[in-house]
Amino acid sequence: MKIAVIGAAGMVGSRVVNEAATRGHDLLAIFRRGRPTTLPPAVTAVEGDADDPARLSDLFTGVDVIVTATRPAPGHERTVAATTTMLLDAAATAQTRILVVGGAAPLQLPGRPDLLVLDSPEYVPQEWRTVAAASAAQLDACRAHPADWVYLSPPAVLEPGPRTGIYRRGTTTLLTSADGASRISAEDLAVAVLDELEDPREDRHFTVGY
Ligand SMILES: NC(=O)c1ccc[n+]([C@@H]2O[C@H](COP(=O)([O-])OP(=O)(O)OC[C@H]3O[C@@H](n4cnc5c(N)ncnc54)[C@H](OP(=O)(O)O)[C@@H]3O)[C@@H](O)[C@H]2O)c1
């Protein structure tokens, strides 16, 4: 498959690029400022801004599937929904499926389907509320858009770590392990992204975790 990754220099995007390249896919790594210094063979790196849908729909021509893993600088969280809508516009113009790596906030709490992670002080202390609310608005932007999108909510904790290749997949409820932790490495999140791209399921909103 030819896969375009936006936010390719970021924590998630760089791991999606590596996982996809390891699996033999063709990669178009789209970065904004921080051009990746080392990239696997078969990866083409190009500049592109998610806020420039005309340029992006050009870049998406001939691409089989798009992964977006952008994150604005701190203080600019309220731009997330608008940026996501522009990406969805570009994907729709190119008639290409798009997987959005978003946030955990719009997931339901385990055992409390009436509550979202967004509303849980346990997972979202006051200082993270703006970031969390931006993720919820991002999923709302997807739900309102006619593009062929799928939204991946990471678990509560997503950070660099080992690639085990083993994870659980859920739909709209936060996954926690026996010890109550909700986490996955960015490496294993990338495994889950590629598994979804290679073998798409029906869920438009899904999550993963250990
Ligand atoms: N537990 C959770 O819910 C959780 C935890 C972590 C991350 N996440 C989510 O995972 C996704 C990826 O996060 P991350 O940690 O990988 O972020 P990151 O390491 O900060 O990387 C984000 C990348 O996006 C790029 N970017 C930002 N705005 C852009 C734009 N308009 N056009 C093109 N590129 C743009 C940045 O490029 P520049 O260098 O040019 O700024 C950067 O390379 C985000 O949706 C984030 O919210 C969720």
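That block above? That's the structure.
The paragraphs below set out a description of the structure included in this document. (Residues numbered from 1 in each chain as written. Predicted model: local features only at pLDDT ≥ 70, side-chain atom pairs only at ≥ 80, totals over all residues. Heavy atoms only, no water.)

Section: the site of the ligand
- Neighbouring the ligand are 22 residues; M11, V12, R32, A50 and P155 lie closest to it.
- T70 is positioned such that a nitrogen or oxygen atom in its backbone is 3.4 Å from an oxygen atom of the ligand.
- Protein burial of the ligand: of its 920 Å² of free accessible surface, 82% is covered by the chains.
- Structurally, the ligand is housed in the largest pocket.
- A breakdown of the residues in the shell around the ligand according to their chemical character gives 11 nonpolar, 6 polar and 5 charged. (Near = heavy atom within 4 Å. Polar contact = N/O pair within 3.5 Å; in protein donor to acceptor, adjacent residues only side chain to side chain. Areas by Shrake-Rupley, 256 points an atom, 1.4 Å probe, with all protein chains shown as cover. 1 Å grid on protein atoms, 1.4 Å probe; cavity = no way out; pocket = protein on both sides within 12 Å on 5 of 7 lines; lining within 4 Å. Sits in = over half its atoms within 2 Å of the grid points. Nonpolar A, V, L, I, M, F, W, Y, C, P; charged D, E, K, R; others polar.)

Regarding the pairing of strand 5 (residues 97-101)
- Counting buried positions over the 5 residues of strand 5 gives 5, a clear majority of the element.
- Of the two faces of strand 5, the one holding R97, L99 and V101 and the one holding I98 and V100 are both buried throughout.
- Note that strand 4 (residues 65-68) and strand 5 share 4 bridges and pair parallel. Across the sheet, T68 pairs through a bridge with V100, a residue of strand 5.
- The β-α-β motif built from strand 4, the intervening helix 3 (residues 80-93) and the parallel element strand 5 has right-handed crossover chirality.
- By the bridge criterion, 4 bridges tie strand 5 to strand 8 (residues 149-153) in an arrangement that is parallel. By the bridge assignment for strand 8, V101 is matched with L152. (Buried < 20%, exposed > 50% of the residue type's maximum accessible area, 1.4 Å probe, protein only. Helix = DSSP H or I, 4+ residues; strand = E, 2+ residues; numbered from the N terminus. Pairing = 2+ DSSP bridges. Right-handed = clockwise from strand over helix to strand, strands pointing away.)

Topic: the side chain of S153
- Checked against the element boundaries, S153 lands in strand 8.
- For S153, a relative accessible area of 0% translates into the label buried.
- Of note is the side chain of S153, whose polar atom sits 2.7 Å from the backbone oxygen of G103.
- Side-chain polar atoms of S153 contact the side chain of H205, separated by 2.8 Å.

Structural notes on the packing of helix 3 against helix 4 (residues 129-143)
- Helix 4 packs onto helix 3 with a crossing angle of 30° between their chain directions and a minimal axis gap of 8 Å. When the axis of helix 3 is compared with that of helix 4, the two are roughly parallel. Between helix 3 and helix 4 lies a crossing whose hand is right-handed. For the pair helix 3 and helix 4, contact is made by V80, A81, T84, T85 and L88 and by A134, A137, Q138, A141 and C142, respectively. (Axes fitted to C-alpha atoms, helices over the stretch in contact; angles between N-to-C directions. Parallel < 35°, antiparallel > 145°, perpendicular 65-115°, else oblique. Left-handed = near helix turned anticlockwise from the far one by under 90°. Contact = heavy atoms within 4.5 Å.)

So, the sheet that holds strand 8
- Ordered in space as 3-2-1-4-5-8-12-10, the 8 strands form an open sheet in which the pairing is mixed. Bordering the open sheet on either side are strand 3 (43-47) and strand 10 (168-170), each of which pairs with just one other strand. The mean inter-strand angle of the sheet, taken between neighbouring strand axes irrespective of direction, is 20°.
- Pairing of strand 1 (residues 2-6) with strand 4, which is carried by 4 bridges, proceeds in the parallel orientation. Its bridge partner being in strand 4, A4 is matched across the sheet by I66.
- Those strands touched by helix 4 are strand 5, strand 8 and strand 12 (205-209), and its axis lies near 160° from that of strand 8.

Thoughts on the nonpolar core
- I3, V67, L99 and V193 are the most contacted members of the largest nonpolar core, which totals 27 residues.
- The set of elements that each furnish at least two residues to this core consists of strand 1, helix 1 (11-22), strand 2 (26-31), strand 4, strand 5, strand 8, helix 5 (186-198) and strand 12.
- Counting residues per element, this core draws most heavily on helix 5, which supplies 6 residues.
- Among all residues touching V67, those that are not within four sequence positions of it are I3, A4, V5, I6, V16, L99, V101, V193 and L197.
- By size, the runner-up hydrophobic cluster in this structure holds 22 residues, among which are I6, L87, L139 and W149. (Core = buried A, V, L, I, M, F, W, Y, C linked by side-chain atoms within 4.5 Å.)

Brief notes about helix 5
- Over its 13 residues, helix 5 extends 18 Å from the first C-alpha to the last, a length consistent with the 18 Å expected when each residue adds 1.5 Å.
- Burial analysis of helix 5 places 11 of its 13 residues in the buried class, which makes it a mostly covered element. (Expected span 1.5 Å × (residues − 1).)

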